[in-house]
Amino acid sequence: MVKKDFIGQGHYYPTYALKLPSPSKTTPPPTTNPPPAALAPTYYVSISEGGMLREFEDMVKKDLVGQKPYPTYTLPSHKEYLAAARGIARCVDLFCKVDKLIKIGCLLQQEEAAEKGELDKSEAKKETRKKRLSAMSLKTRDRYTRNYQQLLHLAPSIRSLINDRTKARELAKVTQKMNTVISATRSDDAARLKSQIGHYAAPIPSDSSLKPAIYNGNPSRSHLGVNHPVLASYLCPVSRLTEFKRDPAEGQKKLASGGILMTANDFPAFLWSGNPPGHDYDDDAMTEGLFQGYLIEHVMHHIFTGPSTALGQDSWATQTCNAALHDMTTVKVEHIAYACVQARFGISAQNKWSDIDGKFKYLEFYHNIIDFIRDCGDTDWVGELKKWWNVTLFKNEAGRDGGTEARTSTDEHGRSSLGSTDSLARMRTQIAARSTAAGKSSTTLAPVPDPPVAHPSPTQQPVTPPPSSPAPTRVESRRPSPLPPTPSDSLPTSKVASSSHKSPALSELTDDEDTLDDITNGKSK
């Protein structure tokens, strides 16, 4: 139907032509800026056919003035759709097919509207809709409903394409591109993780790496997975881990031959905490330490906060991390499931991404993790797991934007529950303690007025109190002005100084009450 016609234009400038039944339909439209002769036939054929103008304008734009046609294969809001596709892959549904999601999402909305009496459709369409939805379980319906709402939230512009049937062709192009980006995001993350998985699989990479070494100069990954004695124990189902440890060599052979079956319903040992992974597993308390293995932790950091943070360091990346790009404020079950899938693939022997590894199916593994956490009856365990991941990834129980009031608790010495010291919290504690102490001091030490000082008459000699009973030193808020003494009757300077060690009060510096008020209020007379 479509062919390229280049005449001296090079392969970067495609034009599109249609096979027409007769040349009579190729009459060019009037224009004051005709295209070049080499492109004129193709151009006129493309735009003169009914229904093709929209498709032609969406796919190819031409600068007829400069005679430089150039292709634009994406719509104006393509950035929104591509960003939404990357967010869907990492945060919503790793295996999402956008076109299928839209179809089922619309059916579910129609079914809900019909139940409320808001939709009046024919019985034939109603039966068709019920037949298609009846094959889905309630859990699957909930997942499609949840994912469809996330799609509309991440890509609001796609709603107009869904509601306008005349834009069905545009919608098909958008969904096809989004599916490609979802798949590419998954593969790109796996490829970038491949070069670092040897460091992440080691319990303490700074001390020692795995032996035998993962990086042996061979680009093939055939020596990983069950072919590696250490990684084989990571991939071993936790229910068979004790058997594997009794004879690791024999256990490795059983994993490779299928004697120990690896399926999506039997979680691998690396999902549990401990060194080595699964060491903390308790068969009587199976959820203790689940989804807290250090391999998942390293992979989660690598994907969402950057490779520089994967081993515990602060980020020194120059680009925005994926957590910020996807507006990821808290860790959700989809994030945990995505990291588990990428970690499992990262230590496997597969050279390129595949949804299946022997009997192990990544699609089932991914959904099993999400469903297990969402449907878990132990809400306390689920809450503690999410808090643990928020602290691990964002150093905050409430998530990336939780604020200082939601950070980990600290003691009186500023030491947090993670073992680190929070200097900011310690300084705040000290300031609060000083403020409290100052308030108590001001209330207990109330000012007591001094008695007026008696001035001797001209016939009396100055009397000094005996040393055994010194006159108490007190503060007077307003002291009367002393009578001007005569030279012979004035007190000695040394004795006046010994009677009070305080600076003179403001009332002692002036006798004018108005002047005193002006000075007190910061005014100048």
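Quick note: structure is the one above.
Here the structure is a predicted model, which is why all the values come from computation and not from measurement.

Here we come to the overall build of the protein. When helices and strands are tallied, the protein shows 20 helices and four strands. The buried share of the protein, taken over its 525 residues, is 35%. Considering only contacts within the protein whose residues lie at least 6 apart along the sequence, 61% involve residues at least 24 apart. Per element, the accessible surface of the protein, about 31600 Å² overall, is 53% carbon and sulfur.

This paragraph deals with unusual backbone geometry. Going from Lys211 to Pro212, the amide bond is cis rather than trans, its omega being 0°. Looking at the secondary structure, you find Pro212 in the loop between α9 (197-201) and α10 (229-235). For the bond from Asn275 to Pro276, the omega torsion is 5°, close enough to zero to count as cis. Along the chain, Pro276 falls in the loop between α12 (248-257) and α13 (294-305). Residue Asp327 is not a glycine yet carries a positive backbone phi of 55°. Considering the arrangement of structural elements, one finds Asp327 in the loop between α14 (322-325) and α15 (333-346). At Lys395, a residue that is not glycine, the phi angle is positive and equals roughly 60°. Structurally, the position occupied by Lys395 is in the loop between α17 (379-394) and α18 (423-444).

Now for the nonpolar core. General note: in soluble globular proteins, nonpolar side chains tend to be found buried as a group. Counting residues in hydrophobic clusters, the biggest one holds 69 residues, and the most contacted among them are Leu271, Phe291, Phe304, Ile336 and Phe365. Examining the composition of this core, we find that nine residues originate from one element, α15, more than from any other. Each residue touching Phe291, except ones within four places of it in the same chain, is listed here: Phe267, Leu271, Ile296, Ile336, Cys340, Ile369, Phe372, Ile373, Trp381, Leu385, Trp388 and Trp389. Formed by 28 residues, the second largest nonpolar core is a distinct cluster that contains Ile88, Leu108, Tyr144 and Ile182.

Our focus in this paragraph is the packing of aromatic side chains. Overall, the coordinates contain 14 aromatic pairs when judged by the stated rule. Judged by centre distance (6.5 Å) and plane angle (85°), the rings of Phe267 and Phe372 are edge-to-face. Taken together, the residues Phe267 in the loop between α12 and α13 and Phe372 in helix α16 (residues 362-374) connect sequence positions 105 residues apart. Note on Phe267: relative accessible area 12%, which makes it buried. Taken together, the ring pairs in this structure connect Phe267, Phe291, Phe345, Trp353, Phe360, Tyr362, Phe365, Phe372 and Trp381 into an aromatic cluster. Note that Arg344 overlies the ring of Phe360, its terminal NZ or CZ placed 3.9 Å from the centroid.

This brings us to the pattern of salt bridges. With the rule as written, the count across this model stands at 10 salt bridges. Glu243 is paired through a salt bridge with Lys254; the nearest N and O atoms lie 3.1 Å apart. You can see Glu243 sitting in helix α11 (residues 241-246) and its partner Lys254 sitting in helix α12, a full 11 residues away along the chain. Classification of Glu243 by relative accessible area gives partly exposed; the value is 24%. Overall, Lys254 belongs to the partly exposed group, its relative accessible area being 29%. The partner of Arg374 in a salt bridge is Glu334, with the nearest N and O atoms 2.9 Å apart. Highlighted residues: Arg374 in helix α16 and Glu334 in helix α15, separated in sequence by 40 residues. Arg374 sits in the partly exposed class, given a relative accessible area of 41%.

Right, let's talk about the packing of helix α3 (residues 78-91) against α15 for a bit. Each pair of packed helices can be described by the angle between their axes along with the distance between the axes. The geometry of α3 relative to α15 is characterised by a closest axis approach of 7 Å and an angle of 80° between their N-to-C directions. Between α3 and α15, the angle falls in the class roughly perpendicular. Every residue of α15 that contacts α3 at Ala89, Arg90 and Cys91 is listed here: Glu334, His335 and Tyr338. Of the residues assigned to the contact of α3 with α15, the class counts are three nonpolar, one polar and two charged.

Turning our attention to the side chain of Asp371. Within the secondary structure layout, Asp371 lies in helix α16. No salt bridge is formed by the buried Asp371, whose closest oppositely charged neighbour, Arg143, lies at an N-O distance of 4.1 Å. With residues near it in sequence (within four places) discarded, Asp371 still touches Lys139 and Arg143.

Time to look at the side chain of Thr392. Relative to the helices and strands, Thr392 resides in helix α17. With sequence-adjacent residues up to four places away left out, Thr392 is seen in contact with Glu297 and His301.

Quick look at α13 now. Across its 12 residues, α13 extends 16 Å between first and last C-alpha, which sits within 8% of the 16 Å expected from 1.5 Å per residue. Directly after α13, the chain includes Gly306, whose backbone phi takes a positive value near 110°.

On to α3. Spanning 14 residues, α3 covers 20 Å between terminal C-alpha atoms, matching the ideal 20 Å at 1.5 Å per step. Taken as a whole, α3 has its buried residues at Tyr81, Leu82, Ala84, Ala85, Gly87, Ile88, Ala89, Arg90 and Cys91. Those residues of α3 hidden inside the fold are in contact with α6 (138-154), α7 (158-163), α8 (168-194), α13, α14 and α15.

Now for the environment of His228. Along the chain, His228 turns up in the loop between α9 and α10. Placed 24 residues apart in sequence, His228 and Gln252 show a C-alpha to C-alpha distance of 8.3 Å. Not counting residues up to four positions away in its chain, the partners in contact with His228 are Leu210, Lys211, Pro212, Ile214, His223 and Gln252.

Together, Asp282, Asp283, Asp284, Glu288, Asp378, Asp380, Glu384 and Glu397 line one region of the surface with negative charge. Here Glu397 shows up in the loop between α17 and α18.

Before going further, it helps to examine the environment of Asn368. With respect to the helices, strands and loops of the structure, Asn368 is situated in helix α16. On the basis of relative accessible area, Asn368 is assigned to the partly exposed category, the value being 23%. Not counting chain neighbours up to four residues away, the residues in contact with Asn368 comprise Ala264, Asn265 and Phe267. Here Ala264 takes part through its backbone oxygen, which lies 3.2 Å from a polar atom of the side chain of Asn368. A polar atom in the side chain of Asn368 sits 3.0 Å from the side chain of Asn265.

Calculation rules
- Residues numbered from 1 in each chain as written.
- Predicted model: local features only at pLDDT ≥ 70, side-chain atom pairs only at ≥ 80, totals over all residues.
- Heavy atoms only, no water.
- Helix = DSSP H or I, 4+ residues; strand = E, 2+ residues; numbered from the N terminus.
- Buried < 20%, exposed > 50% of the residue type's maximum accessible area, 1.4 Å probe, protein only.
- Contact = heavy atoms within 4.5 Å.
- Areas by Shrake-Rupley, 256 points an atom, 1.4 Å probe, with all protein chains shown as cover.
- Core = buried A, V, L, I, M, F, W, Y, C linked by side-chain atoms within 4.5 Å.
- Phe/Tyr/Trp six-rings, centres within 6.5 Å; stacked < 30°, edge-to-face > 60°.
- Lys NZ or Arg CZ within 6 Å of the ring centre and 35° of its normal.
- Salt bridge = Lys/Arg side-chain N within 4 Å of Asp/Glu carboxyl O.
- Axes fitted to C-alpha atoms, helices over the stretch in contact; angles between N-to-C directions.
- Parallel < 35°, antiparallel > 145°, perpendicular 65-115°, else oblique.
- Nonpolar A, V, L, I, M, F, W, Y, C, P; charged D, E, K, R; others polar.
- Lys, Arg positive; Asp, Glu negative; His and termini not counted.
- Expected span 1.5 Å × (residues − 1).
- Patch = residues over 30% accessible without salt bridge, like charges linked within 9 Å, V, L, I, M, F, W, Y side chains within 5 Å.
- Charge placed at Lys NZ, Arg CZ, Asp CG, Glu CD.
- Polar contact = N/O pair within 3.5 Å; in protein donor to acceptor, adjacent residues only side chain to side chain.

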